[in-house]
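The lines below spell out each chain.
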Amino acid sequence: MKIKEFIVVEGRDDTTAINRAVEADTIETNGSAVNQTTIEKIKRAQETRGVIIFTDPDYPGEKIRKTIAGQVPGCKHAFLAKEDALAKRDKGIGVEHASPEAIRAALKEAQVMLEDILEEISQDDLITAGLIGGEGAKERRIQLGKLLKIGYTNGKQLHKRLMMFQISKQEFAEALSKVRQEESNG
């Protein structure tokens with residue numbers, strides 16, 4: 001599988017993991033303090049071939065994603081589920097620990113997050129659905145994020161991400177139904 005866009009990752013080990021999974025060029029941020037030189041390189045890449053932001057599913061990874069998305073509009077976003085990014089032996093979480101299959105699947109699902117969009121699913125809808133506040137809300141958000149391929153979020157981020165990825169009420173309802181079904185089976 002060859003990827004046209006540049007893939008933005010956090011470090012050299014991520015690049016190695018990407019190259020095991022697909023044929024692609026990467027740009028490494030080398031940590032969460034993304035410098036202006038790296039931002040300029042990402043802007044140039046976005047203008048020429050496009051960019052997929054593929055950071056670790058943790059707080060520093062989200063911080064890098066936000067920084068880049070804020071300064072380089074129109075980037076695609078790829079997300080790994082936390083369990084797909086866990087180190088096998090030691091502690092740690094990151095793209096470098098993911099299997100080639102998980103990396104290919106995440107890249108195949110990469111999407112552009114839009115900023116100026118209509119709200120189809122309100123904050124109240126999320127509370128009513130048991131995704132914000134209350135027992136089990138976090139677990140439901142984790143499952144929903146996996147099903148919709150938008151990554152894990154807290155309650156506030158979930159609302160924003162549903163809008164940015166233009167998740168329809170129907171898509172949301174179908175995914176939520178699956179989450180509730182798994183919950184009652186488990």
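Here's what I pulled together on the structure shown here.

### Side note on the packing of helix 1 (residues 12–21) against helix 4 (residues 100–108)
Part 1 of the argument: Between helix 1 and helix 4, the shortest axis-to-axis distance is 8 Å and the interhelical angle comes to 85°. As far as their axial angle goes, helix 4 and helix 1 are roughly perpendicular. Counted together, Ala-17, Ile-18, Arg-20 and Ala-21 of helix 1 and Pro-100, Ile-103 and Arg-104 of helix 4 form the full contact between these two elements.
Part 2 of the argument: Of the residues assigned to the contact of helix 1 with helix 4, the class counts are five nonpolar, no polar and two charged.

### Some words on the sheet that holds strand 2 (residues 26–28)
Part 1 of the argument: Ordered in space as 2-1-3-4-5, the five strands form an open sheet in which the pairing is mixed. The open sheet has two free edges, formed respectively by strand 2 and strand 5 (111–112), since each of these has just one partner strand.
Part 2 of the argument: As paired strands, strand 1 (residues 6–9) and strand 3 (residues 51–53) are joined by three bridges and run parallel to one another. Paired with Ile-7 across the two strands is Ile-52, which belongs to strand 3.

### Looking at the packing of helix 6 (residues 137–148) against helix 8 (residues 169–185)
Describing two packed helices takes the angle between their axes plus the distance from one axis to the other.
Part 1 of the argument: Running from amino to carboxyl end, helix 6 crosses helix 8 at an angle of 130°, the nearest separation of the two axes being 9 Å. Classified by the interaxial angle, the pair formed by helix 6 and helix 8 is oblique. As helix 6 runs across helix 8, the sense of the crossing is right-handed. Residue-level contacts link Arg-140, Gln-143, Leu-144, Leu-147 and Leu-148 of helix 6 to Glu-171, Phe-172, Ala-175, Leu-176, Lys-178, Val-179, Glu-182 and Glu-183 of helix 8.
Part 2 of the argument: Tallied by class, residues from the contact of helix 6 with helix 8 come to seven nonpolar, one polar and five charged.

### Here we look at helix 1
Part 1 of the argument: Buried within helix 1 are the following residues: Asp-14, Thr-15, Ala-17, Ile-18 and Ala-21. Axial view of helix 1: buried residues confined to an arc of 165°, hence all on one face. Residues of helix 1 that are exposed and point more than 90 degrees away from the buried face comprise Arg-12 and Asp-13.
Part 2 of the argument: Residues of helix 1 that are buried in the fold lie against strand 1, strand 2 and helix 4.

### Some remarks on the layout of surface pockets
Part 1 of the argument: Looking at the largest pocket, its volume works out to about 640 Å³.
Part 2 of the argument: In terms of lining, the largest pocket is formed by 33 residues, of which the most central are Phe-79, Leu-80, Ala-81, Gly-151 and Tyr-152.
Part 3 of the argument: Those elements that place two or more of their residues in the lining of the largest pocket are helix 3 (59–71), helix 4 and helix 6.
Part 4 of the argument: In terms of residue class, the lining of the largest pocket is made up of 12 nonpolar, eight polar and 13 charged.
Part 5 of the argument: For the second largest pocket, the calculated volume is near 260 Å³.
Part 6 of the argument: Lining the second largest pocket are 12 residues, with Lys-66, Met-113, Lys-160, Arg-161 and Met-164 positioned closest to its centre.
Part 7 of the argument: Mapped onto the lining of the second largest pocket, the elements with two or more residues apiece are helix 3 and helix 7 (155–164).
Part 8 of the argument: Here the lining of the second largest pocket is built from residues that sort into three nonpolar, two polar and seven charged.

### With respect to the packing of aromatic side chains
Part 1 of the argument: Under the counting rule described, the total for this entry stands at one aromatic pair.
Part 2 of the argument: Consider the rings of Phe-79 and Phe-165, whose centres lie 5.9 Å apart with planes at 75°: the pair is edge-to-face. With Phe-79 in the loop between strand 4 (76–77) and helix 4 and Phe-165 in the loop between helix 7 and helix 8, this residue pair connects regions lying 86 residues apart in the sequence. Comparing Phe-79 with Phe-165 shows no difference in burial state: the two are buried.

Thresholds applied
- Residues numbered from 1 in each chain as written.
- Predicted model: local features only at pLDDT ≥ 70, side-chain atom pairs only at ≥ 80, totals over all residues.
- Heavy atoms only, no water.
- Axes fitted to C-alpha atoms, helices over the stretch in contact; angles between N-to-C directions.
- Helix = DSSP H or I, 4+ residues; strand = E, 2+ residues; numbered from the N terminus.
- Parallel < 35°, antiparallel > 145°, perpendicular 65-115°, else oblique.
- Contact = heavy atoms within 4.5 Å.
- Nonpolar A, V, L, I, M, F, W, Y, C, P; charged D, E, K, R; others polar.
- Pairing = 2+ DSSP bridges.
- Left-handed = near helix turned anticlockwise from the far one by under 90°.
- Buried < 20%, exposed > 50% of the residue type's maximum accessible area, 1.4 Å probe, protein only.
- Arc of directions from axis to C-beta.
- 1 Å grid on protein atoms, 1.4 Å probe; cavity = no way out; pocket = protein on both sides within 12 Å on 5 of 7 lines; lining within 4 Å.
- Points joined across faces, edges and corners; volume = space filled by probe spheres on them.
- Phe/Tyr/Trp six-rings, centres within 6.5 Å; stacked < 30°, edge-to-face > 60°.

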